[in-house]
Amino acid sequence: MRPNFVKCTLGFGGALLLSLALAGCGDDDSQNAQQGGGQQQKPPTKAEVINVEAHDVALSKEYPAQVRSNQEVTVMGRVEGVLEARHYREGSMVEKGDKLFTIEQAPYEATVKQNQADVQSAQAEVSRAQRDAERYNRLYKQNSISQQQRDQAQADLSTARAAKAQAQAALDSAQINLSYTEVNAPVSGMISLSEVNVGNLVQPPQELATITPLNPIEVRFSLPANDAFSLRQQRQQGDTEQANVAVLTAPGTESASRDALQLRGKLDFLGSRVDESTSTVQAEAVFQNDDQVFLPGQFVRVALPNVMRYDVYAVPAIAVTEGLKGPQVFVLDDEGKAGARFVSLGEIAGDWQIITDGLKPGDRVVVSAIGSISAGDKIDAQPFSGKVPEPQNNAGENPSQDPDAQGGEGVEGAKRDAQEADDGQNGAN
């Protein structure tokens with residue numbers, strides 16, 4: 001009986017230990033199940049979503065250019081003589097018709113007087129020949145002279161008239177030469193330094209000075225053939241006013257003083273052929289330069305703020321991140337889960353990125369909370385607010401208010417932050 005008692009006691013203790021062990025295992029399994037269930041029940045991430053559709057996008061394109069003045073003229077000396085006087089201050093503004101130089105006039109005045117006398121002598125000869133012709137004509141009618149004598153009188157009259165016309169032409173030429181001794185401004189503008197000093201002999205054709213009109217000014221530049229095609233397409237669709245808007249900016253200006261160094265004008269000329277070596281088209285814009293800030297020969301930048309791209313797919317630039325295979329966006333599937341979609345990028349239009357490949361109409365692209373989303377996450381889709389989300393600054397500083405910074409480094413910084421967060425989540429998983 002004793003051995004049986006011991007055996008029963010050990011059996012009871014073993015059962016007790018086994019039940020305790022099973023209970024401990026059950027608690028661990030229950031806790032793990034609860035934790036696993038918590039991960040599966042992660043609430044959807046709220047994010048704004050935009051529906052992809054084709055629409056027109058305006059680009060702001062900028063090109064290097066050089067200022068010109070198509071009305072610039074070189075003042076030339078047209079008669080020979082000593083330069084007697086200069087009537088302007090070098091570097092000043094002159095008006096059309098202002099007297100600039102005086103070349104010695106005495107020899108030309110004498111020539112004019114001589115030719116005036118020749119004209120008077122020729123006029124006297126015409127008067128004599130006229131009287132003779134009239135008298136001979138009366139005598140011929142009376143049969144007092146022959147027809148040959150009458151014809152000779154008529155010929156003498158014609159010769160006298162021709163001599164007078166020749167003398168008058170010489171007088172006109174002398175008067176023109178005399179007028180050239182006073183050199184006047186042919187256009188309004190800023191005049192250069194004098195090329196000939198007072199007292200020197202002027203021998204035509206000789207450059208005396210240069211007058212450069214500064215208002216308006218012309219700016220010539222070259223733009224890619226694709227941009228020229230878009231501008232012509234805009235004009236054909238009746239959007240000429242917007243297509244011709246141009247903005248001139250001096251390079252190297254600070255943002256605080258940028259408004260003072262900008263001019264708004266219009267595209268005045270768009271070339272009719274493409275340069276085969278550069279695939280560009282020549283263009284010219286005209287600007288009112290009332291304050292004479294810009295000068296011919298100056299290198300500047302010309303912006304065309306309304307170069308259209310028609311029927312393109314575009315998403316907010318902040319929605320594009322850099323994946324392992326290149327640029328990507330998060331696209332929602334039918335179940336509302338985010339999936340990475342690799343895309344090909346086109347041009348940037350302000351805060352918008354044109355997508356040339358990878359998207360189709362109807363795709364739903366996530367445009368906010370990019371840094372906290374991973375592939376496969378459930379998304380609580382919110383309507384797109386119409387504004388591109390501001391890039392987050394991890395240092396707590398305010399994002400730049402410069403439009404160029406928002407469209408460039410700010411967006412790129414947000415992309416980098418989103419990619420780092422994505423890589424961190426992938427590493428944790």
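Being a predicted model, the structure only gives us computed values, none of them experimental. (Residues numbered from 1 in each chain as written. Predicted model: local features only at pLDDT ≥ 70, side-chain atom pairs only at ≥ 80, totals over all residues. Heavy atoms only, no water.)

Visitor: Hey, could you go over the sheet that holds strand β3 (residues 73-77) for me, with residue numbers and the actual values?
Guide: Read from one edge to the other, the open sheet built from 4 strands follows the order β3-β10-β8-β5, with strand pairing classed as antiparallel. The sheet terminates laterally at β3 and β5 (93-94), the two strands that pair on one side only. Pairing geometry for β3 and strand β10 (residues 206-212), over 5 bridges, is antiparallel. In the sheet register, M76 faces β10, and the bridge partner there is E207. (Pairing = 2+ DSSP bridges. Helix = DSSP H or I, 4+ residues; strand = E, 2+ residues; numbered from the N terminus.)

Visitor: Tell me about the pairing of strand β1 (residues 45-51), and name the residues and values.
Guide: Of all 7 residues in β1, 5 are buried; the element is thus mostly enclosed. The sheet contact formed by β1 and strand β22 (residues 379-383) spans 5 bridges and is parallel. Residue pairing in the sheet places V49 in a bridge with P383 of β22. Of the pairings in the sheet, the one linking β1 to strand β21 (residues 364-366) comprises 3 bridges and is antiparallel in character. Its bridge partner being in β21, I50 is matched across the sheet by V365. (Buried < 20%, exposed > 50% of the residue type's maximum accessible area, 1.4 Å probe, protein only.)

Visitor: Would you mind going over helix α2 (residues 106-141) in detail, with residue names and values included?
Guide: Under the 1.5 Å per step criterion, the end-to-end length of α2 is 53 Å for 36 residues, consistent within 8% with the ideal 52 Å. Among the residues making up α2, those that are buried are Y108, V112, N115, V119, A122, V126, A129, D132 and A133. Considering only its buried residues, α2 is in contact with α3 (147-180). Positive backbone phi, at 60 degrees, marks N143, one or two positions downstream of α2. (Expected span 1.5 Å × (residues − 1). Contact = heavy atoms within 4.5 Å.)

Nothing here speaks to function; it is all geometry.
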